[in-house]
Amino acid sequence: MASGAELDDCRRVAEEAARLGGRELLLRFGDHGRVDHKTASTDLVSEADRASEARIVALLRARRPDDGIVAEEGSGHTGSSGLRWVLDPLDGTVNYVSGVPFWCVSVACEERTPHGWRPVVGVVLDPVHDELFHAVRGRGSFRDDVPLARRAGVALDEVILAAGYAYDVAHRRVQAAVVTDLAGDVRGVRMLGSTALALAWIAAGRCDAYVEDRTFRWDWAAGLVIAVEAGAAVEVSGSRVLAAPPELIDGLRPRVAALG
């Protein structure tokens, strides 16, 4: 298990890495260069994604050479320290290339346990609004230096639900049916376009619940630590992420069972 001092170092490195990637993205926002398609016409990757990842990975290799790396755009390294970095150099690429100012850099550090990898440090940077969300497992969640806590005592009809849609257009019909079922019972539904930033917003009390499937580890690893440390419950089942107030998650779980 990583020591407190090592986790502090990982948080500092994660913050530096996120800011480095964020500066690269801001420089290119509005002029993002070539855009390619990955798994579908809706699954985009830009030159900006790759440039951000390259800068982050170079920093991590220099500062933490014994750690592993798992990154969305393909950078990888098998480490020996029992720690690894899981990063999304640009979460919200469709927003980014469309000029929508809701996207972020997500950097998580995980430690190996007997039960698999567990996120222990999470940093989510919103470069447009210069907001840095960060958390270390067991130490609380923060926006810059301000402690965060999810909205408490929220009834279902007061919930602002954030949701995401898959790149697989056919699967969106399944997702839409689940969200439509919930929409009549909550205060509002928001499609934000970034899993990591949506989870950070739950920590900040700006929304109360989140559901999406067809996600990858780099989408939620950092945001999970931030949301949990702010008092939210976050469950990952297969590719599905469900985050909610602890008192509501048991009731929401069967209603999103079609996702996975």
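The structure reproduced in this document is the subject of the present report. (Residues numbered from 1 in each chain as written. Predicted model: local features only at pLDDT ≥ 70, side-chain atom pairs only at ≥ 80, totals over all residues. Heavy atoms only, no water.)

What to know about the environment of aspartate 219
Thinking step 1. As for its position among the elements, aspartate 219 is in helix α6 (residues 217–229).
Thinking step 2. Each C-alpha atom, one on aspartate 219 and one on aspartate 144, is 21 Å from the other, the two residues being 75 residues apart in sequence.
Thinking step 3. For aspartate 219, the residues in contact, after removing those within four places along its chain, are Asp88, Asp91, Thr195 and Ala196.
Thinking step 4. Polar contacts involving the side chain of aspartate 219 include one to the main-chain amide nitrogen of phenylalanine 216, which spans 2.7 Å. (Helix = DSSP H or I, 4+ residues; strand = E, 2+ residues; numbered from the N terminus. Contact = heavy atoms within 4.5 Å. Polar contact = N/O pair within 3.5 Å; in protein donor to acceptor, adjacent residues only side chain to side chain.)

A word on the sheet that holds strand β9 (residues 141–143)
Thinking step 1. As summarised here, the arrangement of the 8 strands in space is β4-β3-β5-β6-β7-β8-β9-β10, forming an open sheet in which the pairing is mixed. In this open sheet, the two edge strands, each paired with only one partner strand, are β4 (76–77) and β10 (146–147).
Thinking step 2. As paired elements, strand β8 (residues 131–136) and β9 share 3 bridges and run antiparallel to each other. Bridged to phenylalanine 133 within β9 is arginine 143. (Pairing = 2+ DSSP bridges.)

Quick look at the pattern of salt bridges
Thinking step 1. This structure, assessed with the given rule, holds 22 salt bridges.
Thinking step 2. Across the salt bridge formed by glutamate 15 and arginine 11, the nearest N and O atoms sit 3.0 Å from each other. Of this pair, glutamate 15 and arginine 11 both sit in helix α1 (residues 4–28), 4 residues apart, which is roughly one turn of the helix.
Thinking step 3. In this structure glutamate 15 comes out as buried when scored by relative accessible area, which is 16%.
Thinking step 4. The partly exposed category is assigned to arginine 11, whose relative accessible area is 22%.
Thinking step 5. One salt bridge in this structure joins aspartate 130 and arginine 19, with 3.4 Å as the shortest N-O distance. Linking aspartate 130 in the loop between β7 (116–126) and β8 with arginine 19 in helix α1, this pair joins segments that are 111 residues apart in sequence.
Thinking step 6. You can call arginine 19 partly exposed: its relative accessible area is 31%.
Thinking step 7. Counted as one network, the salt bridges with shared partners bring together Glu6, Asp9, Arg12, Arg64 and Asp67. (Salt bridge = Lys/Arg side-chain N within 4 Å of Asp/Glu carboxyl O. Buried < 20%, exposed > 50% of the residue type's maximum accessible area, 1.4 Å probe, protein only.)

Quick notes on the nonpolar core
Thinking step 1. If you look at the biggest cluster of nonpolar residues, it comprises 33 residues, and the most contacted ones within it are Val124, Phe133, Leu197, Leu199, Ile202, Tyr210 and Ile226.
Thinking step 2. Broken down by secondary-structure element, the contributors of at least two residues to this core are β6 (104–113), β8, β11 (160–163), α5 (195–203), α6 and β15 (240–244).
Thinking step 3. The biggest single contributor to this core is α6, with 8 residues.
Thinking step 4. When residues no more than four places from it in sequence are discounted, the contact partners of valine 124 are Cys104, Val105, Ser106, Glu131, Leu132, Phe133, Ala196, Leu197, Ala200, Ala222, Gly223 and Ile226.
Thinking step 5. Counting residues in hydrophobic clusters, the runner-up holds 31 residues, among them Ile56, Leu59, Leu87 and Val105. (Core = buried A, V, L, I, M, F, W, Y, C linked by side-chain atoms within 4.5 Å.)

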